[in-house]
Amino acid sequence: MAPITVGIGGAHSGVGKTSLASLILKRLKGWGAIKYTNTPLYCSIIDDIEILSEPGKDTKRLLDAGAEKVLWVQSPSSELGDVLPRAIEILSHLKGIMVEGNGAVEALKPDIVIFVCGTKNEEFKKSAENLLNMADVVLCDEVPSGIPEVAKKFRKEDIDECVNFVIDAVRKISV
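Computed from a predicted structure; not experimentally measured. (Residues numbered from 1 in each chain as written. Predicted model: local features only at pLDDT ≥ 70, side-chain atom pairs only at ≥ 80, totals over all residues. Heavy atoms only, no water.)

**Student:** Can you lay out the overall build of the chain for me, pointing to particular residues and giving the numbers?
**Tutor:** Across its full length, the chain holds 7 helices and 8 strands. Computed over the C-alpha atoms, the radius of gyration of the chain is 15 Å, within 12% of the 16 Å expected from 2.2 N^0.38 for a compact globule of 175 residues. Referenced to the eigenvectors of the C-alpha coordinate spread, the extents of the chain come out at roughly 40 × 40 × 30 Å. For the chain, the residues scored as buried account for 49% of the 175 residues in total. The long-range share in the chain, meaning contacts at least 24 apart out of those at least 6 apart in sequence, stands at 68%. For the chain, the exposed surface amounts to about 8700 Å²; the carbon and sulfur share of it is 50%. Of the side-chain charges in the chain, 21 are positive and 25 negative, and the distance between the mean point of each set is 3 Å. (Helix = DSSP H or I, 4+ residues; strand = E, 2+ residues; numbered from the N terminus. Rg over C-alpha atoms; globule rule 2.2 N^0.38 Å. Buried < 20%, exposed > 50% of the residue type's maximum accessible area, 1.4 Å probe, protein only. Contact = heavy atoms within 4.5 Å. Areas by Shrake-Rupley, 256 points an atom, 1.4 Å probe, with all protein chains shown as cover. Lys, Arg positive; Asp, Glu negative; His and termini not counted. Charge placed at Lys NZ, Arg CZ, Asp CG, Glu CD.)

**Student:** Report on the environment of Glu 123, specifying residues and quantitative values.
**Tutor:** Residue placement: Glu 123 occurs in the loop between β6 (112-117) and α6 (126-134). For the pair Glu 123 and Ile 147, spaced 24 residues apart in sequence, the C-alpha separation works out to 15 Å. In this structure, Glu 123 is in contact with Ala 11 and His 12, ignoring residues within four places of it in sequence.

**Student:** Before we move on, could you go through the pattern of salt bridges and cite the residues and values that matter?
**Tutor:** Applying the stated criterion across every chain yields a total of 4 salt bridges. Lys 35 is the partner of Glu 100 in a salt bridge, and the nearest nitrogen-oxygen pair spans 2.9 Å. Of this pair, Glu 100 sits in strand β5 (residues 96-100) while Lys 35 sits in strand β2 (residues 31-38), and the two are 65 residues apart along the sequence. A salt bridge links Lys 60 to Asp 64; its shortest N-O distance comes to 3.0 Å. (Salt bridge = Lys/Arg side-chain N within 4 Å of Asp/Glu carboxyl O.)

**Student:** Give a description of the state of the cysteines that names residues and reports values.
**Tutor:** Under the defined criterion, the tally for this structure stands at 1 disulfide. Residue Cys 117 pairs covalently with Cys 140 via a disulfide, S to S 1.7 Å. What sets the handedness of the Cys 117 and Cys 140 disulfide is the S-S torsion sign, and at about 95° it is right-handed. Residue Cys 117 is found in strand β6, and its partner Cys 140 is found in strand β7 (residues 137-140); the two are separated by 23 residues along the sequence. Note on Cys 117: relative accessible area 0%, which makes it buried. We classify Cys 140 as buried; its relative accessible area is 0%. Its sulfur unpaired, Cys 162 is 9.8 Å from the next cysteine sulfur, which belongs to Cys 140. (Disulfide = S-S within 2.5 Å.)

**Student:** Could you give an account of the packing of helix α1 (residues 17-25) against helix α7 (residues 159-174), with specific residues and numbers?
**Tutor:** In helix packing, the relevant descriptors are the interaxial angle and the interaxial distance, both defined with respect to the helix axes. Between α1 and α7, the least distance of the axes is 10 Å, while the angle of their chain directions is 55°. Comparing their axes, α7 and α1 come out oblique. Here α1 and α7 pass one another in a crossing that is right-handed. On α7, the residues touching Leu 20, Leu 23 and Ile 24 of α1 are Ile 159, Cys 162, Val 163, Val 166 and Ile 167. Grouping the constituent residues of the contact of α1 with α7 by class yields 8 nonpolar, no polar and no charged. (Axes fitted to C-alpha atoms, helices over the stretch in contact; angles between N-to-C directions. Parallel < 35°, antiparallel > 145°, perpendicular 65-115°, else oblique. Left-handed = near helix turned anticlockwise from the far one by under 90°. Nonpolar A, V, L, I, M, F, W, Y, C, P; charged D, E, K, R; others polar.)

**Student:** Let's hear about the confidence of the model for the chain: which residues, and what values?
**Tutor:** Averaged over all residues, the pLDDT of the chain equals 91, while 94% of them reach at least 70. No element of the chain has a lower mean pLDDT than α6, at 80, and none a higher one than strand β4 (residues 70-75), at 98. (pLDDT = per-residue confidence, 0-100.)

Below you can see the structure in the form of structure tokens.
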């Protein structure tokens with residue numbers, strides 16, 4: 001059976017994707033994580049624990065939250081179709097995989113897609129617009145327009161409710 005996948009993307013860097021991923025991972029035992037970074041020229045899958053554990057890195061935060069294994073995937077978006085399946089295969093023995101990064105989430109089409117943003121009027125990076133349309137869950141300071149009707153919406157002040165909702169959704173899928 002394939003692992004459950006939860007994807008987290010957002011309006012821009014620094015909006016809270018890793019913080020939310022960490023809160024969710026603290027409650028999900030036996031899960032791994034993929035952190036995706038768009039690069040212009042090369043593909044790599046980094047699993048070196050020394051690199052992943054460097055202070056200040058999102059990968060360290062995911063490990064500290066309890067992810068059993070973390071991979072840092074670096075790739076041009078045009079190469080995600082090749083590199084992302086390899087990363088998923090490396091983590092396929094786990095119960096689930098948290099995927100962070102807009103391009104990776106869009107390419108993977110996870111079981112649950114979470115979109116994180118700040119204020120209603122903030123600038124979205126280009127990759128965020130498509131992801132917002134895929135969202136099952138939206139966590140924002142102010143809910144922007146254009147969110148799918150079926151998406152469950154949470155304000156950032158209700159982050160615990162959002163985490164509980166995602167955990168419940170994961171449990172329903174795994175049954």
